[in-house]
Amino acid sequence: MNQRMPIRFAGTGAYMPDEVITNEHFAGYLDTSDEWIQTRTGIRERRKSTEEEYTSVLARKASERALENASMDPKELDLIICATATPDYLFPSTASVIQGELGAVNAGAFDVSAACAGFMHAAAAASGLISSGIHETVLIIGAERLTRFIDNHERGTVVIFGDGAGAAVLTKSKSPEQSVLYCNLGCDGTRTEDIWLPAGGSRFPASHDTIDGRKHYMHMRGRDVYKFAVVKIIREIERALEATGLKADDLKLVIPHQSNLRIIESVRAKMGLPMEQFAVNIDRYGNTSAASVPVAFDEARRDGRVGDGDLVLMIALGAGLTWGTMIIQL
Ligand code: UT7
């Protein structure tokens, strides 16, 4: 897709839980160190939700901030799409819970399951629905409570992931500039076991075996995903630039999924851009899966790093393996 879609990002918001978990916390009971975690991932700390902060609560708080930022009432929403790999329930959708709690009585609601690339999938769906005229104002959310799905004794995952939520209100744009310029989604469905949470679904319903086998936790082949991600992200950015006729320099900001600072650094080096052109918050929040791109986007808007007319590229890759890329003009 390289046809401009008249979409406006009318407001953004984020909510990060208060509790900070430092690298030293893990070094206190696992065979790991602050030095290993910082050098291999770029993470210094991450956030953990309280007992009452379910995914829907994180999402609702981010959504309220996005609506306030857009100066909109929840009743103006036509649709809510929540991207999450850590929903409140298998069903109903977390988006339904959010709809009820926001009082967004005029909105439909559904979840998107594309893990770390979920927000890009939600943004693509919302853009298509708005530009086709099916919906006019859509709230999209990336929200995760990964700390509840991680084995606290698995050093390869526990140090990486954190909780949080980011949201954006998308609506029809009246100006020809303000638009989605490019949007593309992809998947390699032969790699479903590279990052997965095997049990609790219809294939391996909860049983003593699934619990004893620690199958209700997420598992990741980190090195394999790392290698795949570097090559794929670079290729997808090149594809997006080629399709739009833009140069890397034209982008005000690149917002990559915050999975590993070394992945971001490899992409930056290949694009020949300075690090200032990249949004980075992995040092403070770790990998928050579907929340990472919208949280970084909200920070960039509020800090004034991006504003009206700026070109922004967002890209994320995660379990599935799935990926999504979008270039927008604010
Ligand atoms: O968000 C969805 C997409 N996900 C990604 O893009 C994740 C991509 N992958 C990564 O970011 C990296 O692969 C990790 C950060 C997960 C791991 O870093 P790595 O440099 O790829 O390490 P590795 O998995 O190749 O492991 C190297 C060594 C191993 O020890 P041995 O077998 O060489 O003795 C691991 O057991 O590092 C060990 N290790 C650790 N050591 C200290 C793994 N985790 C830790 C740890 N502390 N926390």
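Each chain carries its own residue numbering, running from 1 in the written order of its sequence. Restriction of local features to residues with pLDDT of at least 70 applies here, the model being predicted, together with a cutoff of 80 or more for giving and counting side-chain atom pairs; totals for whole chains, interfaces and linings are based on all residues. Hydrogens and water are ignored here; the side-chain numbers use all heavy atoms of the structure.

## Digging into the packing of aromatic side chains
Between the rings of Phe, Tyr and Trp (Trp by its six-membered ring), a pair exists once the centres lie within 6.5 Å; its type follows the angle of the planes, with under 30 degrees stacked, over 60 edge-to-face, and the other angles tilted. Taken as a whole, this structure holds three aromatic pairs when the rule is applied. With a centroid separation of 5.8 Å and 50 degrees between ring planes, the pair formed by Phe-228 and Trp-323 is classed as tilted. Here Phe-228, found in helix α8 (residues 222-244), pairs with Trp-323, found in strand β13 (residues 322-329); they are 95 residues apart in sequence, far enough to count as distant. Each residue gets one of three labels from its accessible area relative to the maximum for its type: buried under 20%, exposed over 50%, partly exposed in between, using a 1.4 Å probe on protein chains only. Residue classification places Phe-228 among the buried positions, given a relative accessible area of 15%. Criterion for a charge above a ring: Lys NZ or Arg CZ within 6 Å of the ring centre, and within 35 degrees of the ring normal. One Lys or Arg, Arg-223, reaches over the ring of Tyr-226 and ends 5.3 Å from the middle of that ring. For the cation-ring pair, Arg-284 lies above Tyr-285, with the distance from its terminal atom to the ring centre recorded as 5.1 Å. Note on conventions: DSSP H or I runs of at least 4 residues are helices, E runs of at least 2 residues are strands, and numbering of each starts at the N terminus.

## Here we look at the sheet that holds strand β5 (residues 108-112)
Adjacent strands of a sheet pair through backbone hydrogen bonds, lying either parallel or antiparallel. By definition, two strands form a pair when at least two bridges between them are found by DSSP. Judged by pairing direction, the sheet is mixed, and its five strands sit side by side in the order β1-β7-β6-β4-β5 without closing on themselves. At either margin of the open sheet sits one strand with a lone partner, and together these are β1 (7-15) and β5. Neighbour to neighbour, the strand axes of the sheet diverge by 15 degrees on average, direction disregarded. Judged from the five bridges that link them, strand β4 (residues 79-83) and strand β6 (residues 137-145) form a sheet pairing that is parallel. Residue pairing across strands places Cys-82 opposite Ile-141, the latter belonging to β6. Should any heavy atoms of two residues lie within 4.5 Å, those residues are considered in contact. With axes taken as lines fitted to C-alpha atoms, and helix axes fitted only over the stretch in contact, angles between N-to-C directions fall between 0 and 180 degrees. With respect to the sheet, helix α11 (residues 292-302) is in contact with β1, β6 and β7 (163-172), its orientation differing from that of β1 by roughly 105 degrees.

## Some points on the sheet that holds strand β11 (residues 253-256)
Here we have four strands laid out as an open sheet, ordered β8-β13-β12-β11, and mixed in their pairing. Two strands in the sheet have a free side with no partner beyond their single neighbour: β8 (179-187) and β11. When strand polarity is set aside, the average angle formed by the axes of neighbouring strands in this sheet is 10 degrees. Sheet topology places β11 next to strand β12 (residues 311-318); four bridges connect them, and they run parallel. Opposite Val-254, over in β12, you have Leu-313 as the bridge partner.

## Let's talk about the site of the ligand
Near the ligand, the surroundings consist of 24 residues, among which Thr-32, Arg-40, Arg-155, Asn-260 and Asn-287 are the closest. Thr-32 places a side-chain nitrogen or oxygen 2.6 Å from a nitrogen atom of the ligand. Here a polar contact is recorded for every N or O atom pair within 3.5 Å, except that within protein the pair must consist of a potential hydrogen donor and a potential acceptor, and residues adjacent in sequence are included only if both atoms are side-chain atoms. At 2.7 Å from an oxygen atom of the ligand is found a side-chain nitrogen or oxygen belonging to Asn-260. Every accessible area reported is derived by Shrake-Rupley at a probe size of 1.4 Å, with residue values counting cover from the shown protein chains alone. In the complex, the protein chains occlude 74% of the 940 Å² of accessible area that the ligand would expose alone. Contributions of two or more residues to the shell around the ligand are made by α2 (34-41), α6 (155-158), α8, α9 (261-271) and β12. The residue makeup of the shell around the ligand, split by class, is 10 nonpolar, nine polar and five charged. Any residue with a heavy atom positioned within 4 Å of a molecule or strand is treated as near that molecule or strand. Side-chain classes are defined by residue name, with Ala, Val, Leu, Ile, Met, Phe, Trp, Tyr, Cys and Pro counting as nonpolar, Asp, Glu, Lys and Arg as charged, and the others, Gly among them, as polar.

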